[in-house]
Amino acid sequence: MALFVVFQTTFFLTLLSLRTYQSEVLAERLPLTPVSLKVSTNSIHQSLHLQWTVHNLPYHQELKMVFQIQISRIETSNVVWVGNYSTTVKWNQVLHWSWESELPLECATHFVRIKSVMDDASFPEPNFWSNWSSWEEVSVQDSLEKGILFVFPKDKLVEEGSNVTICYVSRNIQNNVSCYLEGKQIHGEQLDPHVTAFNLNSVPFIRNRGTNIYCEASQGNVSKGIEGIVLFVSKVLEEPKDFSCETQDFKTLHCTWDPGTDTALGWSKQPSQSYTLFESFSGEKKLCTHKNWCNWQITQDSQETYNFTLIAENYLRKRSVNILFNLTHRVYLMNPFNVDFENVNATNAIMTWKVHSMRNDFTCLCQIELHGEGKMMQYDVSIKVNGEYFLSELEPATEYMARVRCADASHFWKWSEWSGQNFTTLEAAPSEAPDVWRSVNSEPGNHTVTLFWKPLSKLHANGKILFYNVVVENLDKPSRSELRSIPAPANSTKLILDRCSYQICVTANNSVGASPASIIVISADPENKEVEEERIAGTDGGFSLSWKPQPGDVIGYVVDWCDHPQDVLQWKNVGPNTTSTVISTDAFRPGVRYDFRIYGLSTKRIACLLEKKTGYSQELAPSDNPHVLVDMLTSHSFTLSWKDYSTESQPGFIQGYHVYLKSKARQCHPRFQKAVLSDGSECCKYKIDNPEEKALIVDNLKPESSYEIFVTPFTSAGEGPNATFTKVTTPDEHSSMLIHILLPMVFCVLLIMIVCYLKSQWIKETCYPDIPDPYKSSILSLIKFKENPHLTIMNVSDCIPDAIEVVSKPEGTKIQILGTRKSLTETELTKPNYLYLLPTEKNHSGPGPCICFENFTYNQAASDSGFCGHVPVSPKAPPSMLGLMTSPENVLKALEKNYMNSLGEVPAGETSLNYVSQLASPMSGDKDSLPTNPVEPPYCSEYKMQMAVPLRLALPRPTENSSLSSITLLDPGEHYR
Amino acid sequence: LPPPAHLCLLTLLLPLLSSAAPISPAESISQAYSLALYMQKNTSMLLQTYLQYQGSPFSDPGFSAPELQLSSLPPATAFFKTWRTLDDGERLSLAQGAFLALTQHLQLVRDDQSDLNPGSPILLAQLGTARLRAQGLLGNMATIMTALGLPMLPEEDTLGLVAFGASAFERKCRGYVVTREYGHWTDRAVRDLALLKAKYPA
């Protein structure tokens, strides 16, 4: 057993060693390590291109091999990619393989190594991996030109939404580098101190001129350089949509599609996508010159089925769509031709047309569209080459447009274009009687009937209405009916009929014939039935009217009214079983009163007025205010009246009036309420609810107060327009009383004056009889009779009452008295003034009898003494010194005394003198002023005044005031008059 | 461009076309100066229109990248003393060289833009007009140099080797530099010609 075990072990060991030997021999025989590995770069595609050979391959033998490739970046240990590449290898073959780098090759050194293994069935197991080739280093950086900053990849073309890695190489690590994509900073990953990479995910399409990405190197704030790239982002190529082909003539196939977005880029980086049409059965291909259609020539008549592939292609992508079809199923007919109409009459026509013949036994499906009167009808018909269709149920005198299109009936693909033509049907007689109404004006002896009718609708006119026939037939007396023809487009006519019943028939006529007649009967009785008017309220929609049904049979009702402002009679027919209707028309205007009359039509077609309604579609506020008169003005009241205000012509039913009163009083008068006006001021308001009450007595007013009043009507919509207030001022309470007193007084005075006038003679005689004239006196005649020539009647004018003669007489003694004032007195008193009471020579016409009047103002004592001496009153003279001057000397003395103010020279016997001289002597009131103000007595001698002074009054007080009175008497200004 | 401007431009370009009659230096300087002044009015509008079509950051308000330069285009900036002490020949040669380069660059930018912005006739028209004016100014300068008896610059391809594979962003930058430098060189030409005008009064 042990021996067996030893044997067995030896066997296995031998086997194992044999096996080991075998493999070594194989490996030795086939050292399949890749050799001559060369790596090159392609900057445009950012790819590494590897080429190598495999030594020791059997001659003329192909072997399947697997190559494992490792790619490291920056350093060999940093493996970024490992992959297998399987291929068949021939003897002495140079193998090629490419790898595209995400990171631009310029930014990092790459290392590549490769190993292989046999993967061929002819070489059974075991297979071993060869050794790795040595690392092959690829560095593009070394080839960079001079510069401080480089950005890669340059001008790369990518599709929108793809991921791109960009990088920069900065020669100087001192520089701070910032990178931006379209002005927005991007942040990357530093690969080594000089290199930073940026992964841009899902890059967007910004513009077809490319996207700028740039980096700026700077130290501090100093820019050292700018470098960038343009990334060309292409839109994703879309699959062509709606690809289809069709033929119109079996010679050309016209293929169309929707190309979608154009992916062309600027800088010639990518042109617009190209389109190629490929037909698989024939194997033919055509490059399309247009981007959305292509024509394919049909060359073989036998080919019925086509398999088209449309290929869209740009630098980045290829897309295709496929259609498979039978040519006969893609027939797009040319539009029909020779469209025409035959046997056109009022309601029918035959339409004919032709289609282009495609082949024998070809059937078309055609569609006809008939447009007319705003309607459209559609008919389908199957034809061969010549089409024909009978159009019926047409409207007379109507223009129609008919058009037709066709398609292959056996394999419907699509309709052809339309071909159309217009035609007009012929006229027919109007189909309906015109709608007729009338208005009747009854006058003595006849009726004036105005007939109105509405034009027939196009549907019923069946052509152009040329005239209306009106036939008037007397129902009471057998007579010939009268026919009137009224040319269109008149819509009314006036008839004057006598007091008989008449039947009126109206027909509308066109070129073909007359319409059915519309019949109206005018009764002999005038239409003077009194019907009360009822007020109704309109709404936005119109007027809702209802009425009591007429007893007896009616064939219908008619409501008529007048349109404003055209004043055109309008009417509406209502059925016999209806007793209400809504009149709605756009013609209703707010603020206009509409009067509606409702008639019942009897079976005899006689209209009978049933009801009257009046109302506004919308009531408005009154348009004007009344003109208010103020009368009966008293101190406590006045009356306002506006009798001439018309309530009927207003844009609403007047409901009453508002009377506004403004006064200074805070409290409103009784019956008035406080109100605030639109301008914010307060006033009092009185409401009158009766529109016919057009006067108001405003009482309880204060006299002599100002009031402002304003009267405005109101409707349901509001008051009249704002206007100014009228001012009323109440008069004074007493003035009225005065009037009450003064008026009768004036009347009385007038009466008296009239009486006086009438009785003037009597009054004169009673109150002031005439003074008898002495010349006319009977005494005179008596005197004449006695013939006494000496006796005459004196004339008052002949009498000179008195005169003063002034006589100059020198007086030497006076000089001594004057003393020191000698010179003055000499000049002044050389001609003393003597006053005589003598008649002047001039005025004295001659010697004659004189009637003397006594001057009773002189003191009786003085006159009694018989002297005419003048004694001036000396202001300083004490009463005891005043004495009666009995001689001219005395008078002179007195004068001197006065002038010279001498003392103690008045004679003792003068104490009883109380005469005041008429002579005004110039004198100074003040003795001190005398020398400076000399007076000239001769010129001053003048008669001034004569007055008698009672003794007690003539005694002046010993004051200077007394002298003032003298000055007043002897004002020097008076002298030189 | 309004019609009067066209006419004006035509008269300014006239000496370029009719080079038969000798023209005095003052007259030719005056004509060139007028054209340069006229050009100056439109340079900022060209730059703004250009930037507006390029997207961010170019179209951002206040965009400026003075560090961007083109090796094929001489910068217009110069030290004042150096510039002021240039003799007539140097001054005109520098300007002529710059505008020669500018005409070629403007054509390049217009080509670029007709590819990128085919739907922007305004920008393309403005670029075309700018190139025409630069050519007009070149002609005027040649007349001045002839009048002053200065040797003419041999016409050369200043653009040199163009990187046709330039990326879109690089082309946008290139266009920016060209339109910007066109403005700067026009400003400088106005100053140059003003100096000459003062030196050679009519």
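Data block above holds the structure.
Note that the structure is a prediction, hence the values are computed from the model and not measured.

So, how was this worked out
Residues numbered from 1 in each chain as written. Chains lettered and ligands numbered in written order. Predicted model: local features only at pLDDT ≥ 70, side-chain atom pairs only at ≥ 80, totals over all residues. Heavy atoms only, no water. Patch = residues over 30% accessible without salt bridge, like charges linked within 9 Å, V, L, I, M, F, W, Y side chains within 5 Å. Areas by Shrake-Rupley, 256 points an atom, 1.4 Å probe, with all protein chains shown as cover. Salt bridge = Lys/Arg side-chain N within 4 Å of Asp/Glu carboxyl O. Helix = DSSP H or I, 4+ residues; strand = E, 2+ residues; numbered from the N terminus. Buried < 20%, exposed > 50% of the residue type's maximum accessible area, 1.4 Å probe, protein only. Disulfide = S-S within 2.5 Å. Pairing = 2+ DSSP bridges. Axes fitted to C-alpha atoms, helices over the stretch in contact; angles between N-to-C directions. Core = buried A, V, L, I, M, F, W, Y, C linked by side-chain atoms within 4.5 Å. Contact = heavy atoms within 4.5 Å. Polar contact = N/O pair within 3.5 Å; in protein donor to acceptor, adjacent residues only side chain to side chain. Phe/Tyr/Trp six-rings, centres within 6.5 Å; stacked < 30°, edge-to-face > 60°.

### What to know about a nonpolar patch on the surface
All names here are of chain A.
- There is a patch of nonpolar side chains on the surface, built from V746, V749, L750, M753, I754, Y757 and L758 and spanning about 760 Å² of accessible area.
- Here M753 lies in helix α3 (residues 733-758).
- Since its relative accessible area comes to 52%, M753 is described here as exposed.

### So, the state of the cysteines
Residues and elements named next belong to chain A.
- Within this structure, the stated rule accounts for 5 disulfides over all chains.
- Between the sulfur atoms of C288 and its disulfide mate C294 the distance is 2.3 Å. For the disulfide bridge between C288 and C294, the dihedral angle about the S-S bond is near -100°, and by the sign convention the bridge is left-handed. When sorted by exposure, C288 lands in the same class as C294, which is buried.
- The closest cysteine sulfur to the non-disulfide-bonded C364 is located on C406, 4.9 Å from its own sulfur.

### Regarding the sheet that holds strand β8 (residues 149-152) of chain A
Residue and element names in this part refer to chain A.
- Pairing in this open sheet of 4 strands is antiparallel, and the strands run β8-β10-β14-β13 from one edge to the other. Edge strands, defined here as strands with exactly one partner in the open sheet, are β8 and β13 (189-192). With strand direction ignored, the average angle separating the axes of adjacent strands in the sheet is 25°.
- As judged from the 3 bridges shared by β13 and strand β14 (residues 195-200), these two strands associate in the antiparallel manner. Its bridge partner lying in β14, Q190 is registered against T196.

### Regarding the nonpolar core
- Formed by 57 residues in total, the largest nonpolar core has its most connected members in F99(B), L137(B), Y176(B), Y182(B) and L193(B).
- At the level of elements, β16 (222-234) of chain A together with α2 (25-52), α4 (88-116), α5 (121-148) and α6 (168-199) of chain B are the ones that each hand at least two residues to this core.
- For this core, the element with the most residues is α6(B), which contributes 12 residues.
- In this structure F99(B) touches M39(B), A134(B), L137(B), L138(B), M141(B), Y182(B), W185(B), T186(B) and A189(B), once residues within four positions along its chain are discounted.
- Formed by 31 residues, the second largest nonpolar core is a distinct cluster that contains L451(A), Y502(A), I504(A) and I520(A).

### Here we look at unusual backbone geometry
- Along the chain, F152(A) connects to P153(A) via a cis peptide bond; the corresponding omega equals 0°.
- Residue position: P153(A) is located in the loop between β8 and β9 (157-159).
- The peptide bond linking S56(B) to P57(B) adopts the cis configuration, its omega dihedral lying at 5°.
- Relative to the helices and strands, P57(B) resides in the loop between α2 and α3 (80-84).
- One non-glycine residue, N343(A), lies in the positive phi region at around 50°.

### Examining the interface of chain B and chain A
- The interface of chain B with chain A comprises 23 residues on the first partner and 20 residues on the second.
- Across the contact surface, chain B and chain A share 1 salt bridge.
- In this structure, E170(B) and K154(A) form a salt bridge, with 3.6 Å as the shortest nitrogen-oxygen distance.
- Summed over the shared surface of chain B and chain A, the result is 7 residue pairs in polar contact (both at pLDDT 80 or more).

### Thoughts on the side chain of T43(B)
Residues and elements named next belong to chain B.
- Topologically, T43 is positioned in helix α2.
- Judged by its relative accessible area of 7%, T43 is buried.
- Residues within four places of T43 in sequence aside, it is in contact with Y182, G183 and T186.

### Considering the packing of aromatic side chains
Residue and element names in this part refer to chain A.
- Within the structure shown, the criterion is met by 38 aromatic pairs over all chains.
- Ring centres of F243 and W257 lie 6.1 Å apart, and the angle between their planes is 70°; this geometry places the pair in the edge-to-face category. You can see F243 sitting in strand β17 (residues 241-246) and its partner W257 sitting in strand β18 (residues 252-258), a full 14 residues away along the chain. Across this residue pair, the class does not change: F243 and W257 are buried.
- Ring plane angle 40° and centroid distance 5.5 Å describe the contact between F672 and Y686, whose orientation is recorded as tilted. Residue F672 is found in the loop between β47 (656-662) and β48 (673-676), and its partner Y686 is found in strand β49 (residues 682-688); the two are separated by 14 residues along the sequence.
- Owing to a relative accessible area of 9%, F672 belongs among the buried residues under this scheme.

### Re the pattern of salt bridges
Residue and element names in this part refer to chain A.
- Evaluated as defined, the whole model comprises 22 salt bridges over all chains.
- D435 is the salt-bridge partner of K454, the closest N and O atoms lying 3.6 Å from each other. Separated by 19 residues along the polypeptide, K454 in the loop between β32 (446-453) and α2 (458-461) and D435 in the loop between β30 (419-424) and β31 (436-443) bring together distant segments of the chain.
- Taking the relative accessible area as the measure of exposure, K454 reaches 31% and is therefore partly exposed.
- Under the relative-accessibility criterion, D435 is labelled partly exposed at 24%.
- Its salt-bridge partner being R597, residue D560 comes within 3.3 Å of it at the nearest N-O pair. Residue D560 is located in strand β40 (residues 554-563), and its partner R597 is located in strand β43 (residues 593-602); the two are separated by 37 residues in the primary sequence.
- Exposure remark for D560: the relative accessible area of 0% places this residue in the buried category.
- Using a relative accessible area of 29% as the deciding quantity, one classes R597 as partly exposed.

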